[in-house]
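# Coordinate inspection notes
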Amino acid sequence: AALAASPDRALTAQEQNAINLLEQRRLARESVAHILGTSEFWGLPLQVTSATLVPRPDTETLVEAALAAIDEGGPRTRPLRIADLGTGTGALLLALLSEVPNALGVGIDMSMEALTVARSNAERLGLAPRARFVRGHFGAALAGGFDLVVSNPPYIPSTDIESLMPDVADFEPRAALDGGPDGLGAYRNLAELLKV
């Protein structure tokens, strides 16, 4: 914005070097969100790192479905317990906590690095008092009982990952993408845990 406002100003060598480094990262097909370190989800600015998937706009449909289910059960002001399995950045859980003022939530992930990002996002958004982030498998999270369980687990068949866009295949965490031979491994585990 400053450059646009002052089009006659020449870039310093330091500014030019910084732009060149960013350009090289993008030419290598690293996503803009990873380069900037932020992505918006459900109107919330979230930190992203190489340890987390970049939240996708189409995942907001899961938030919409979860809110519709909450609304069917009564007012959003009632106290609820929400679990987010495979939380990553915390996007799903934090979006729901931003909409359901008396809900408490637990985000579960196997990646300590992702959990650090999720905690940071909760703190920056003022949602940390109502959110806990725990390292573990899906089953461990469900022992306490929850009113709502959400998840966007890995669903890409293992052999398909290399054929994805380089932005995804080369820069997103493989564990968050790899759904096993047919892409449905995590869904089978969830169905068994939730007795669906």
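Rules behind the numbers
- Residues numbered from 1 in each chain as written.
- Predicted model: local features only at pLDDT ≥ 70, side-chain atom pairs only at ≥ 80, totals over all residues.
- Heavy atoms only, no water.
- Phe/Tyr/Trp six-rings, centres within 6.5 Å; stacked < 30°, edge-to-face > 60°.
- Lys NZ or Arg CZ within 6 Å of the ring centre and 35° of its normal.
- Core = buried A, V, L, I, M, F, W, Y, C linked by side-chain atoms within 4.5 Å.
- Buried < 20%, exposed > 50% of the residue type's maximum accessible area, 1.4 Å probe, protein only.
- Helix = DSSP H or I, 4+ residues; strand = E, 2+ residues; numbered from the N terminus.
- Salt bridge = Lys/Arg side-chain N within 4 Å of Asp/Glu carboxyl O.

## With respect to the packing of aromatic side chains
Taken as a whole and judged by the stated rule, the model has zero aromatic pairs. Looking at Arg81, its charged tip hangs above the ring of Phe146, at a distance of 4.5 Å from the centre.

## A closer look at the nonpolar core
Grouped together as the largest cluster of nonpolar side chains are 26 residues, with contacts concentrated most on Phe41, Val63, Leu94, Leu96, Leu97, Phe133 and Leu148. For this core, the elements supplying multiple residues, two or more each, are strand 2 (44-47), helix 4 (60-73), helix 5 (91-99), helix 6 (112-124), strand 5 (131-135) and strand 6 (148-151). A total of seven residues in this core trace back to one element, the largest contributor, which is helix 5. Formed by seven residues, the second largest nonpolar core is a distinct cluster that contains Ala83, Val106, Phe138 and Phe146.

## Considerations on the pattern of salt bridges
This structure, assessed with the given rule, holds 10 salt bridges. For Arg9, the salt bridge goes to Glu15, with nearest N and O atoms at 3.1 Å. Of the charged contacts in the structure, one is a salt bridge between Arg26 and Asp167, with a shortest N-O distance of 2.8 Å. In this pair, Arg26 sits in helix 2 (residues 13-27) while Asp167 sits in helix 8 (residues 166-169), placing the two residues 141 residues apart along the sequence. With a relative accessible area of 34%, Arg26 lands in the partly exposed category. One network of salt bridges, in which partners are shared, links Arg26, Arg29 and Asp167.

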